[in-house]
Amino acid sequence: MNSQPKLRILFSRQEIEAAVSRLAAEIRQDYHDKCPLLIGILKGSFMFLADLIRHLDFPLEVDFIGLSSYGKGERTSGKIKLVKPLGSSVKGREVLVIEDIVDTGLTTAFCLDYLQQRKPASLKLCVLTDKPSRRRVPVTIDYLGFTAPNKFLVGYGLDMNQKFRNLPDICFIEEEEQC
Ligand code: IMP
């Protein structure tokens, strides 16, 4: 079926901008003299990371790691695959992981474990949106933008079957009414 789902805005572009700027102020306080390595988890974090670093006016580096757990649709497969390895060494670095959304926690927990084994000087996590009701493994979020209800979200980097990443707002897909 190819019909367009109904989208409702959960977090508007103005609310996102305010959250990103608040998070940047918190991160600035902790990292302004540490030349941190910011690692975005692909693909979903690209827009958040790009907006976030525009607010950070101190030396830092950026890298990406590609992880995938989702097959087609809205369900995690539960198995995390490394689809793009890091380009930089994290050993001895002040590392800040940037993630779009934490749902079951499996992807983020895998990523933090993978990085911790590579012996960074410190390792923290910045997440734009948390869906705590779906957690399967515990994850400590050091910098958090929004807490969201248990709905499948799209926009601002988040996709459904690779679509909708380009929406400037974070939206949820409205359930079809049964008739
Ligand atoms: P987790 O491993 O279940 O915590 O999910 C983390 C990854 O699943 C995120 O990086 C997203 O790519 C994807 N994901 C989780 N929830 C959503 C959602 O509501 N919309 C789009 N992608 C999601």
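Throughout what follows, the structure given in this document is the object of discussion. Along each chain, residue indices are assigned from 1 in the same order as the chain's sequence is written. The model is predicted, so local features are restricted to residues of pLDDT at least 70 and side-chain atom pairs to those at 80 or more, both for listing and for counting; the totals for chains, interfaces and linings are taken over all residues. In computing side-chain properties, one takes all heavy atoms of the structure into account and sets aside hydrogens as well as water.

## As for the overall build of the protein
Let me state the cut-off plainly: Where helices and strands are cited, they refer to DSSP runs of H or I of at least four residues and of E of at least two residues respectively, numbered from the N terminus. Here the radius of gyration uses the C-alpha set of atoms, whereas the globule reference equals 2.2 Å times the residue count to the power 0.38. Only heavy atoms enter the contact rule, under which two residues are in contact if any of them lie within 4.5 Å. Only the protein chains shown count as cover for residues, and the accessible areas themselves come from Shrake-Rupley with a 1.4 Å probe. His is not counted, nor are the chain ends; Lys and Arg add positive charge and Asp and Glu add negative charge. Here the site of a charge means atom NZ of a Lys, CZ of an Arg, CG of an Asp or CD of a Glu.
Each helix and strand in the protein was counted, giving 3 helices and 9 strands. Beginning at the N terminus, the succession of helices and strands in the protein can be written as β-α-β-α-β-β-β-α-β-β-β-β. On C-alpha atoms alone, the protein measures out to a radius of gyration of 16 Å, which is about the 16 Å that the 2.2 N^0.38 rule sets for 179 residues. Projected onto its principal axes, the C-alpha coordinates of the protein cover approximately 60 × 35 × 25 Å. Sequence-distant contacts, at least 24 apart, represent 67% of the contacts inside the protein between residues at least 6 apart. Accessible area of the protein: about 9,800 Å², with a carbon and sulfur share of 50%. Within the protein, the 23 negative side-chain charges are centred at a point lying 6 Å from the centre of the 25 positive side-chain charges.

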